[in-house]
Amino acid sequence: MQVVVLDGSAAEDEVGQQIRQTLLDRCAMQGYTVQTFTLRSCKIGNCAGDFFCWVRSPGQCMVADDNRTIAAAIVAADVMVYLTPITFGGYSSLLKQAVDHQIQNIAPFFTTLNGETHHKRRYERYPSFLAIGWQATPNPHTEAIFRHLVWRNSLNFYAPTTYCAIVTGMPPESELAVQMDAALTAITRGTTMMVPPLPTLPAGVIQHSPPRNALLLVGSPRMRKSTSYSLGEYLMQHLAARGIATETVLLYPTLNNPLKLQALLAQLDATDLIVLVFPLYIDTLPAPVIRWLELLAVHRRNHQVASNRLVAIGNCGFPEAHHLDNALAICAEFAHTAGFTWQGGLALGGGEMVHGEPLATMDGRVMAIRLALTMAAEALAQGQPIPLLAQRRMRQRAIPVWLYRLMGSIGWRTQARRWGMQRQLYRRPYRTK
């Protein structure tokens, strides 16, 4: 059996090292062939969100770094294994950076799985999926979010068998060996995990004083040309109209600039209301946004910071907004972990319909979106959480699902035609014999 391991742990993570070694030892005892990618040592750029791996170079990322080697290894494997510390209920940013590039192994066109929209297969077969996460102390809430994310990924990866194992604390070697054996046995026997429930998103907290200032954090690689920016800016305009000082920061350019990074952390400390907007990448937040949350959590743990307020707004390319539920659960868990006051989240399905256009100039298709953001701004300006009615309005579908899928298919073919790739959209560059 061919096993590919993606190790998303940090170098100083002793628990992660122990889990990895035990897993490799148990695989060796079973005679499995294992290829391990230590992601902290790999060269992998952030996913650019340009979909060129679908329309310009179908099935292959345009960037020739280690992401291609990993994608090819996954296609050839019998089992794909994720190793990661549980981070606010999700994956570490190191692991997520590799996961984001796995869209090259699926096709852009839509299909129906379990009554909801997903992307079609690119290859005939995909590996089974084993995810192993660990955390220092028991936390049923983050465990549930993690299991739910693994299950969501298994749908998009077409995994024939999926299993999730969670390690708590630093168990003795004998106990860890039993856990790893159980996980490998479940995979080889085809004992897939049951559908895990996602914890209910916590209600937003009422604040007795209105915010004086608000900061928009745009977590999209498309930056000012993104749907995320369009949604956030519309909200900011309505907050400004209610007397709140607003500012916008693009997250991606700050990550590799230490001076900008420190300046933004200090600015966040002095901000009453923080609004995080992001696109959905493989069922959760993009890797750079997760990295930002990791850095911000460490910063707040090391500094005495007031309980600022946090709002999250996500959008996805699927017409059903519930694809974002796991990502919003992670945002709420981050707020709890980092000492923010959670004031709610909004989820938009069919985000490609906006495609970075200013909402104020668009037609009636975005009427419900504008109304939801206006309602959210009015409540937030008074210290109130995002109203339930605004959340429901945001989730309304502007057009029927069948029409959205049809328009999406036409859009992918139109984009591919620009590069002469309209006949190669199902190309399989990593196909094995």
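Conventions and cut-offs
As a convention, each chain's residues are numbered from 1 in the sequence order in which they are written. Note on the predicted model: pLDDT of at least 70 is required for a residue's local features to be given, and 80 or more for side-chain atom pairs to be given and counted; whole-chain, interface and lining totals, by contrast, use all residues. The side-chain values count all of the structure's non-hydrogen atoms but skip hydrogen atoms and water molecules. Every helix listed is a DSSP run of H or I at least four residues long, and every strand listed is a run of E at least two residues long, numbered separately from the N terminus. Here the globule rule reads 2.2 Å times residues to the power 0.38, and the radius of gyration is calculated from C-alpha atoms. To sort residues, take the accessible area from a 1.4 Å probe on protein chains only and compare it with the maximum for the residue type: under 20% means buried, over 50% means exposed, and anything in between is partly exposed. Note on contacts: a residue pair qualifies if any of its non-hydrogen atoms lie within 4.5 Å across the two residues. Think of a 1 Å grid over just the protein atoms. A cavity is a set of points where a 1.4 Å probe fits yet cannot get out, a pocket is an open set with protein on both sides within 12 Å along at least five of seven lines, and lining residues have an atom within 4 Å of a point. Grid points are joined across faces, edges and corners, and a volume is the space filled by probe spheres set on the points. Residues are grouped as follows: Ala, Val, Leu, Ile, Met, Phe, Trp, Tyr, Cys and Pro are nonpolar; Asp, Glu, Lys and Arg are charged; every other residue, Gly included, is polar. The definition of a nonpolar core used throughout is a set of buried Ala, Val, Leu, Ile, Met, Phe, Trp, Tyr and Cys residues joined through side-chain atoms within 4.5 Å. Each helix should span, by expectation, one fewer than its residue count multiplied by 1.5 Å. What the arc describes is the spread of directions from the helix axis to the C-beta atoms. Sulfur atoms of two cysteines make up a disulfide when they are within 2.5 Å. In this description, strands pair whenever DSSP reports at least two bridges between them. Orientation is described by axes fitted as lines to C-alpha atoms, over the contacting stretch for helices, and by angles from 0 to 180 degrees between their N-to-C directions.

This paragraph deals with the overall build of the chain. From N to C terminus, the chain includes 13 helices and twelve strands. The C-alpha radius of gyration of the chain comes to 21 Å, within 12% of the 22 Å expected for a compact globule of 433 residues. Counting only C-alpha atoms and orienting by the principal axes, one finds that the chain spans roughly 65 × 55 × 40 Å. Every one of the 433 residues in the chain was classed for burial, and the buried ones make up 58%. For the chain, long-range pairs separated by at least 24 residues make up 80% of all intrachain contacts whose partners lie at least 6 apart in sequence.

On to empty space enclosed by the protein. Inspection of every chain in the model, using the stated rule, returns four cavities of 30 Å³ or more. When its volume is computed, the largest cavity comes out at roughly 80 Å³. In terms of lining, the largest cavity is formed by Leu217, Leu251, Ile274, Leu276, Val289, Trp292, Leu293, Leu296, Leu310 and Phe334. Breaking the lining of the largest cavity down by element, the ones donating at least two residues are strand E10 (273–279) and helix H9 (287–302). Of the residues belonging to the lining of the largest cavity, the class tally is ten nonpolar, no polar and no charged. A volume near 60 Å³ is recorded for the second largest cavity. Every residue along the wall of the second largest cavity is listed here: Ile74, Met80, Gln102, Asn105, Ile106, Tyr126, Pro127 and Phe157.

Time to look at the nonpolar core. General note: in soluble globular proteins, nonpolar side chains tend to be found buried as a group. Core analysis: the biggest nonpolar cluster contains 45 residues, and Leu6 and Tyr82 have the highest contact counts within it. Not counting residues within four places of it along the chain, the set of residues in contact with Leu6 comprises Phe37, Leu39, Ile70, Ile74, Val81, Tyr82, Leu83, Leu95, Ala98 and Gln102. Residues Trp292, Ala332, Ala338 and Ile399 belong to the second largest nonpolar core, which totals 43 residues.

This brings us to helix H13 (residues 401–418). Taking 1.5 Å as the rise per residue, H13 with 18 residues should run 26 Å; its terminal C-alpha atoms sit 26 Å apart, in good agreement. Of all the residues in H13, the buried ones are Val401, Tyr404, Arg405, Gly408, Trp412 and Ala416. Down the axis of H13, the sector holding all buried residues measures 100 degrees, keeping them to one side. Relative to its buried face, H13 has exposed residues pointing more than 90 degrees away, namely Trp402, Ile410 and Arg418. Of the surrounding secondary structure, the elements contacted by the buried residues of H13 are helix H2 (52–55), strand E4 (106–113) and strand E5 (116–121). Gly420 sits one or two residues past H13 and shows a positive phi near 70 degrees.

Right, let's talk about the state of the cysteines for a bit. Considering all chains together, one arrives at zero disulfides under this definition. Cys47 forms no disulfide, and the closest cysteine sulfur to it belongs to Cys53, at a distance of 6.5 Å. Take Cys164: it sits in no disulfide, and the sulfur closest to it among the cysteines is that of Cys27, at 16 Å. Residue Cys164 is classed as buried on the basis of its relative accessible area, which comes to 6%.

What follows is about the layout of surface pockets. Approximately 1,000 Å³ is the volume found for the largest pocket. Those elements giving two or more residues to the lining of the largest pocket turn out to be E4, helix H7 (227–240) and H13. Counting residues per element, the lining of the largest pocket draws most heavily on H13, at seven residues. In terms of residue class, the lining of the largest pocket is made up of 18 nonpolar, 14 polar and eight charged.

Turning next to the sheet that holds strand E6 (residues 128–135). Here we have five strands laid out as an open sheet, ordered E2-E1-E3-E6-E7, and parallel in their pairing. The strands lining the two open edges of the sheet, one partner per strand, are strand E2 (33–38) and strand E7 (162–168). Going from strand to strand, the sheet's axes swing by 15 degrees on average, the running direction of each strand aside. When E6 meets E7, the two strands line up parallel, connected through seven bridges. Paired with Leu130 across the bridge in E7 is Tyr163. The sheet contacts of helix H6 (residues 173–189) involve strand E3 (79–85), E6 and E7, and relative to E7 the element is tilted by about 170 degrees.

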